[in-house]
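Chain by chain, the residues run as shown.
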Amino acid sequence: MEILENFNLKHFNTFHVSAHGRYFVNATDLTCLRDALAFANKKEIPFMLIGQGSNLLFKEDYPGLIIEINVRGRKLIREDDDTYFVKARCGENWHAFVQWCLDNKFYGLENLSLIPGTIGAAPVQNIGAYGVELCDVMVSLDALEIATGELKTFTNAECDFSYRNSVFKQGLKDQYVIYSVTFGLSKKPVINIRYAALAKALEGMSLDALTPELVSKTVCDIRRSKLPNPQRLGNAGSFFWNPEISLENYTLLQEEHPGIVGYPTADKVKLAAAWLIEQAGWKGYREGDVGVHEDHALVLVNYGQATGAELVDLSRRIQASVKEKYGIELMPEVRII
Ligand code: EPU
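Okay, so let's go over this structure. Please read these numbers as outputs of a predicted model, since none were measured by experiment.

**Focus on the layout of surface pockets**
What the second largest pocket holds in volume is close to 170 Å³. As for the second largest pocket, its lining consists of Arg34, Leu37, Ala38, Ala40, Asn41, Ile45, Phe47, Glu145, Ile146, Ala147, Thr148 and Gly149. The greatest single-element share of the lining of the second largest pocket, amounting to five residues, is contributed by helix α1 (residues 30–43). Across the lining of the second largest pocket, the residue classes tally to seven nonpolar, three polar and two charged.

See below:
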């Protein structure tokens with residue numbers, strides 16, 4: 001295991017901000033992962049796991065060990081009449097895995113096409129897009145218990161998933177490293193186009209023409225049309241969560257702001273944070289190298305040499321103005337380190 005010192009993380013976060021990790025290791029297998037955790041423990045320094053850095057923002061240098069999770073491998077482990085059970089290790093690229101499943105006719109991940117990041121990061125925040133969340137297709141996962149170095153299996157229910165949330169962000173935060181994830185994928189094509197933007201893009205298609213491949217392609221097209229490619233423009237997707245409020249509050253807000261965009265969930269209403277930010281005047285805003293993307297108000301961008309601190313400062317100003325205009329607290333979805 002090679003430990004690097006004072007390592008620049010610019011290429012390990014999709015915001016492409018410069019920040020240094022005191023130590024850095026590329027963990028390519030379970031032994032390496034265990035050794036890296038033992039190193040941090042022995043040195044009594046903090047550690048941080050990093051996949052592709054697609055959901056984090058370094059606002060300063062990191063004083064501990066950065067562990068790049070790079071454990072690869074994916075395979076079909078069993079099947080029954082209806083389902084393929086497919087296992088992928090934590091360092092696999094999410095979108096490449098989705099494409100590989102599609103190529104093999106393992107269906108159910110199409111709506112989650114083109115999400116940046118790795119398999120290991122996906123369950124932690126229960127990634128979701130275009131009407132499907134990871135929890136809809138995940139059977140179980142294996143996670144490394146940091147305190148003991150043992151692998152433990154969690155069922156879907158034990159992960160306690162909800163919107164962009166899981167037990168690994170709550171009660172078990174910082175206690176486990178996700179090692180592999182097992183998915184239950186359908187043998188028959190699954191078409192889910194309930195999400196309004198997806199339904200609209202596929203309007204008028206005959207049922208026969210609606211294939212999982214087409215759904216995946218359409219999701220990719222929609223994402224490309226409004227979310228900037230992090231390889232070209234530094235960003236981490238949605239910067240804030242969509243806030244959930246009570247139906248009563250929503251009705252009151254609607255009276256004052258008739259155009260407000262909200263989607264009913266089980267017992268609440270999920271507001272489109274992008275609408276709040278756009279209406280507060282931020283869409284397309286730019287100051288120096290930080291800004292709010294011109295095609296999507298929920299995406300903060302680094303136009304070149306922005307620092308993490310500048311992006312955090314912009315995010316706070318957006319929060320304050322949305323709070324002032326609508327009384328709504330926006331919470332960052334991106335992990336700020
Ligand atoms: N809208 C605006 N202005 C904008 C953009 C959107 O007013 O600049 C309004 C529109 O009314 C639009 C609505 O907001 O209909 C929702 O926009 P969109 O469909 O783009 O979805 P979102 O709520 O902004 C969420 C996820 C995305 C995911 C999409 C599609 C969160 C925090 N974000 O965005 O996830 O791709 O839905 O399912 O839940 C990510 O997590 O990084 C991410 C990109």
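**Some thoughts on the site of the ligand**
Taken together, 23 residues are adjacent to the ligand, and Tyr130, Tyr163, Tyr195, Glu278 and His296 come closest. Glutamate 333 has a polar side-chain atom sitting 3.2 Å from an oxygen atom of the ligand. Contact with the protein chains covers 84% of the free accessible surface of the ligand, which is 830 Å². When residues in the shell around the ligand are grouped by element, the largest group, three residues, is from helix α7 (residues 273–279). Among the residues forming the shell around the ligand, the class breakdown is 13 nonpolar, four polar and six charged.

**So, the environment of tyrosine 326**
Relative to the helices and strands, tyrosine 326 resides in helix α8 (residues 308–326). Among the residues examined, tyrosine 326 registers a relative accessible area of 7% and is labelled buried. For the pair tyrosine 326 and serine 186, spaced 140 residues apart in sequence, the C-alpha to C-alpha distance is 43 Å. Apart from the residues lying within four places of it in its own chain, the contact partners of tyrosine 326 are Leu253, His257, Trp275, Leu276, Gln279 and Ala280.

**As for the pattern of salt bridges**
Enumeration according to the criterion identifies 12 salt bridges in this entry. The residue lysine 187 makes a salt bridge to glutamate 79 at a minimum N-O spacing of 2.5 Å. Linking lysine 187 in the loop between β12 (176–186) and α4 (196–201) with glutamate 79 in strand β6 (residues 74–79), this pair joins segments that are 108 residues apart in sequence. On the accessibility criterion, glutamate 79 (46% relative accessible area) is partly exposed.

**Examining the sheet that holds strand β1 (residues 4–8)**
Read from one edge of the open sheet, four strands run β1-β2-β5-β3, paired in mixed fashion. Strand pairing shows two members of the sheet lacking a second neighbour, β1 and β3 (47–50), which therefore form its edges. This sheet shows a mean twist of 40° between the axes of neighbouring strands, independent of strand direction. Bridge analysis of β1 against strand β2 (residues 20–27) gives four bridges, and the strand direction is antiparallel. Each residue of the ladder has a partner; that of glutamate 5, found in β2, is tyrosine 23. Against the sheet, α1 touches β2, β3 and β5 (62–69), its axis set at about 170° to β5.

**So, the nonpolar core**
Counting residues in each nonpolar core, the largest one holds 46 residues, and the members touching the most others are Phe15, Phe58, Leu276, Ile277 and Ile318. Where this core is concerned, the elements lending two or more residues are β3, β4 (56–57), β5, α6 (247–256), β16 (269–271), α7, β18 (290–292) and α8. With six residues, α8 is the largest single contributor of residues to this core. Val86, Phe106, Ala143 and Cys159 belong to the second largest nonpolar core, which has 40 residues in total.

**Comments concerning the sheet that holds strand β13 (residues 234–238)**
Overall, antiparallel pairing links the four strands, which are arranged β13-β19-β18-β17 in an open sheet. Unpaired on one side and paired on the other, β13 and β17 (286–287) mark the two borders of the sheet.

**Considering α1**
Helix length check: α1, at 14 residues, gives a terminal C-alpha distance of 20 Å against a target of 20 Å (1.5 Å per residue), a fit within 8%. Along α1, the residues that are buried comprise Leu30, Cys32, Leu33, Ala36, Leu37 and Ala40. As for α1, its buried residues are in contact with β2, β3, β5, β10 (138–145), β11 (151–155) and β12. N-capping of α1 is provided by aspartate 29, with a side-chain oxygen placed 3.3 Å from the backbone N of threonine 31. Once α1 finishes, glutamate 44 follows within two positions and takes phi at roughly 55°, a positive value.

**Focus on the pairing of β12**
With respect to burial, β12 is a largely interior element, 10 of its 11 residues being buried. One ladder, built from seven bridges, connects strand β7 (residues 83–89) with β12; its direction is antiparallel. From the neighbouring strand, phenylalanine 85 faces β12, where its bridge partner is glycine 184. Across seven bridges, the pairing between β10 and β12 is antiparallel. When the sheet's bridge partners are listed, leucine 144 is paired in β12 with valine 177.

Rules used in this analysis
Residues numbered from 1 in each chain as written. Predicted model: local features only at pLDDT ≥ 70, side-chain atom pairs only at ≥ 80, totals over all residues. Heavy atoms only, no water. 1 Å grid on protein atoms, 1.4 Å probe; cavity = no way out; pocket = protein on both sides within 12 Å on 5 of 7 lines; lining within 4 Å. Points joined across faces, edges and corners; volume = space filled by probe spheres on them. Helix = DSSP H or I, 4+ residues; strand = E, 2+ residues; numbered from the N terminus. Nonpolar A, V, L, I, M, F, W, Y, C, P; charged D, E, K, R; others polar. Near = heavy atom within 4 Å. Polar contact = N/O pair within 3.5 Å; in protein donor to acceptor, adjacent residues only side chain to side chain. Areas by Shrake-Rupley, 256 points an atom, 1.4 Å probe, with all protein chains shown as cover. Buried < 20%, exposed > 50% of the residue type's maximum accessible area, 1.4 Å probe, protein only. Contact = heavy atoms within 4.5 Å. Salt bridge = Lys/Arg side-chain N within 4 Å of Asp/Glu carboxyl O. Pairing = 2+ DSSP bridges. Axes fitted to C-alpha atoms, helices over the stretch in contact; angles between N-to-C directions. Core = buried A, V, L, I, M, F, W, Y, C linked by side-chain atoms within 4.5 Å. Expected span 1.5 Å × (residues − 1).

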